[in-house]
Amino acid sequence: MILFENATVLDGASEHALPNMHVLVAGDAIREVSDRPIASTAMRIDLRGKTLMPGLIDCHVHVVAALANLGANAMLPDAVVTLHTARLMNEMLMRGFTTVRDLGGATYGLKMAWDEGLMPGPRLSIAGKALSQTGGHCDFRGRHDTRPADFFAGRLGSLGRLVDGVDAVRRACREEIKAGADYIKIMANGGVASPTDPIAFVGFSEDEVRAAVEEARMAQTYVSAHLYTDEAIARAVRCGVRSLEHCNLITEATARAAAAAGAIACPTLVTYEALKNEGAALGLPPDSVAKIDDVRLAGLESLAKMDAAGLMMVYGTDLLGPMHRHQSEEFVIRGRVQPAMEVIRGATINAAIMLREEGRIGCIAPGALADLIVVDGDPLADLSLLTHQGAHLSAIMQGGRFVKNALV
Ligand code: ZN
Ligand code: ZN
């Protein structure tokens, strides 16, 4: 048992951080949280001057994206992808992310490896392969590349697979759920990192989207969609999609409709900054580089619109390859538009709602998993304390076990 004493607790559940709190961890869970000293024989750790937060949650990552060029990534041998994934996941954990949602690529096999303790990293919530139509955001075949459409389904390094038609979408959803997907991901708009789909392209017919939503509901889960343009977002909301990724070009009216429908948005602004600065040098093809500013420039405005519309937002990053090291900079980017507390909620309590793990992760409360980080200082005053690859995190605990501890 471990007793954290005199901590400032910050999890987004209250309006302000709570000073002088005492938190008792027993086994893999939080047993007690109190504003008065807790009598216990547990090992005591004094956190005076430090902030105790829940482990951070990134709701949009791709743990198999070892390379910025996703077509090339799909061609990597599975063994190489696996080892890159292990490295990327460990680096995420050391930045304080104890849970991540993978939006396409991660498999049940990776969850098994994590469960067995073979691969330190964040807990995974996975979509399996993202579903894309031919010519959509997971079709990495160039114009003259005539490999069969089923090529990508069997490769660990591919973020998605190609399916066309209502029946094929239903079958693919059922296959992904059977294979261990926690939810379904569809590519419902053009994308930056794919060669033949301009941003404005709308992905899948309305019938196909509705089929995916129905299949997900039948399996007691939800659909997440890759979306940029207002037209595509509005249609996704109408069809019952719950998790709206990116949303760079959303209007306030659509944001209001999304909020009314109970949808949640997952902006990923940092990836467009990183792609702009580093994408070309990292092998992003010219067709993709040309598309970055179509979405990058509208990014911050979209946050303000969604905030004004009362649309819940969660923390997402969507970084690829070596750009993963910018994962925590999304906090600082959002802090330019949103209050720091709202930014933090995106990676704590709101993220837990998105993952349907409310009360289990993303909070500091009795019964929650002991996924905790100790921040040197006050992130509400300075969100950049969460950046620098975990340099300002003096401890990281996952499931009651320290994975980093510079406190004692
Ligand atoms: Zn996307
Ligand atoms: Zn993504």
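Residues numbered from 1 in each chain as written. Chains lettered and ligands numbered in written order. Predicted model: local features only at pLDDT ≥ 70, side-chain atom pairs only at ≥ 80, totals over all residues. Heavy atoms only, no water.

## Observations concerning the packing of helix H6 (residues 230-239) against helix H7 (residues 252-260)
To be explicit about the condition: Interaxial angle, 0 to 180 degrees, is taken between N-to-C directions of lines fitted to C-alpha atoms, where a helix line uses only the stretch in contact. Labels follow the DSSP assignment, with helices taken as runs of H or I lasting at least four residues and strands as runs of E lasting at least two, numbered in each case from the N terminus. Here the word oblique covers every angle except those under 35 degrees (roughly parallel), over 145 (roughly antiparallel) and from 65 to 115 (roughly perpendicular). Definitions for this section: a left-handed crossing has its near helix turned counterclockwise from the far helix by less than a right angle. A right-handed crossing has that turn clockwise. A contact between two residues is defined here by any heavy atoms of the two lying within 4.5 Å. Here the term charged refers only to Asp, Glu, Lys and Arg, the term nonpolar to Ala, Val, Leu, Ile, Met, Phe, Trp, Tyr, Cys and Pro, and the term polar to all other amino acids, Gly among them.
Running from amino to carboxyl end, H6 crosses H7 at an angle of 20°, the nearest separation of the two axes being 10 Å. Classified by the angle their axes make, H6 and H7 are roughly parallel. Note that H6 runs across H7; the crossing there is left-handed. Across from Asp230, Ile233, Ala234 and Val237 in H6, the residues of H7 making contact are Thr254, Ala257 and Ala258. Residues belonging to the contact of H6 with H7 are distributed by class as follows: five nonpolar, one polar and one charged.

## What to know about the nonpolar core
Formally: Here, the term nonpolar core denotes a set of buried Ala, Val, Leu, Ile, Met, Phe, Trp, Tyr and Cys residues that are joined through side-chain atoms within 4.5 Å. Think of it in three bands: residues with accessible area under 20% of the maximum for their type are buried, residues over 50% are exposed, and the middle band is partly exposed, with areas taken using a 1.4 Å probe on protein chains only. Here the limits of each domain have been adopted from an automatic or database domain assignment.
Residues Val63, Ile186, Leu244 and Phe331 are the most contacted members of the largest nonpolar core, which totals 96 residues. Lining this core are residues from two domains, each supplying at least three of them: domain 1 (2-54 + 363-405) and domain 2 (56-354). Every residue in contact with Phe331, bar those within four places of it in the chain, is listed here: Leu56, Phe97, Tyr315, Val343, Ala347, Leu383 and Leu386. Within the second largest apolar cluster, 19 residues are counted, among which are Val9, Leu47, Cys363 and Val374.

## Comments concerning the pattern of salt bridges
Spelled out, the test is: Any carboxyl oxygen of Asp or Glu that lies within 4 Å of a side-chain nitrogen of Lys or Arg is treated as forming a salt bridge with it.
Enumeration over the complete set of coordinates arrives at 27 salt bridges. Close ionic contact of Asp371 with Arg123 constitutes a salt bridge, the shortest N to O distance being 2.8 Å. With Asp371 in the loop between helix H14 (349-354) and strand S15 (372-376) and Arg123 in strand S8 (residues 123-126), this residue pair connects regions lying 248 residues apart in the sequence. Each of the two residues, Asp371 as well as Arg123, counts as buried.

## Description of the pairing of strand S6 (residues 56-61)
Quick reminder of the rule: Two strands pair under a simple rule: DSSP has to find at least two bridges between them.
Summarising burial for S6: six of the six residues are buried, a large majority. Note: S6 against strand S7 (residues 97-102), four bridges, orientation parallel. Along S7, the bridge assignment pairs Ile57 with Thr99.

## Describing the layout of surface pockets
Quick note on the threshold: Buriedness of a pocket was judged along seven lines, with at least five required to meet protein on both sides within 12 Å; pockets are open sets of points on a 1 Å grid over the protein atoms alone, cavities are sets where a 1.4 Å probe fits but cannot get out, and lining residues have an atom within 4 Å of a point. Grid points are joined across faces, edges and corners, and a volume is the space filled by probe spheres set on the points.
Considering only enclosed or pocket space, the largest pocket measures out at about 280 Å³ in volume. In terms of lining residues, the largest pocket is bounded by 16 residues, among which Lys111, Arg123, Leu124, Ser125 and Glu357 are the most central. Along the lines of polarity and charge, the residues of the lining of the largest pocket split into seven nonpolar, two polar and seven charged.

## Things to note about the domain arrangement of the protein chain
Stated formally: Any pair of nitrogen or oxygen atoms within 3.5 Å is treated as a polar contact; in protein, a donor-acceptor pairing is required on top of that, and neighbouring residues in sequence qualify only through side-chain atoms on both sides.
According to the domain assignment, the protein chain contains domain 1 (2-54 + 363-405) and domain 2 (56-354). The C-alpha centroid of domain 2 is placed 30 Å from the C-alpha centroid of domain 1. Contacts between the two partners involve 28 residues from domain 1 and, on the opposite side, 24 residues from domain 2. Counting the contacts that link domain 1 with domain 2 gives two salt bridges. At the junction of domain 1 and domain 2, the tally comes to eleven residue pairs in polar contact (both at pLDDT 80 or more).

## Examining the packing of aromatic side chains
Operational definition: Centres within 6.5 Å are what make two rings of Phe, Tyr or Trp a pair, Trp counting through its six-membered ring; a difference in plane orientation under 30 degrees is then read as stacked, over 60 as edge-to-face, and the rest as tilted. Placement of a positive charge over a ring is assigned whenever Lys NZ or Arg CZ falls within 6 Å of the ring centre and within 35 degrees of the normal to the ring plane.
In this structure the tally under the stated criterion is eight aromatic pairs. Ring geometry for Phe151 versus Phe152: centroids 5.2 Å apart, planes at 85°, classification edge-to-face. For Phe151, a relative accessible area of 22% gives the class partly exposed. Between Arg101 and the ring centre of Tyr183, over which it is positioned, the NZ or CZ distance is 5.2 Å. Here the basic side chain of Arg242 rests over the ring of Tyr222, its NZ or CZ set 4.8 Å away from the ring centre.

## A few points about the sheet that holds S8
Strand order in the open sheet made by the three strands is S6-S7-S8, with parallel pairing throughout. What marks the edges here is a single partner per strand, and that holds for S6 and S8. Shown here is a sheet whose adjacent strand axes are inclined to one another by a mean of 20°, direction ignored. Here S7 runs beside S8; their pairing, made up of four bridges, is parallel. Pairing of Arg101 across the sheet is with Ser125, part of S8.

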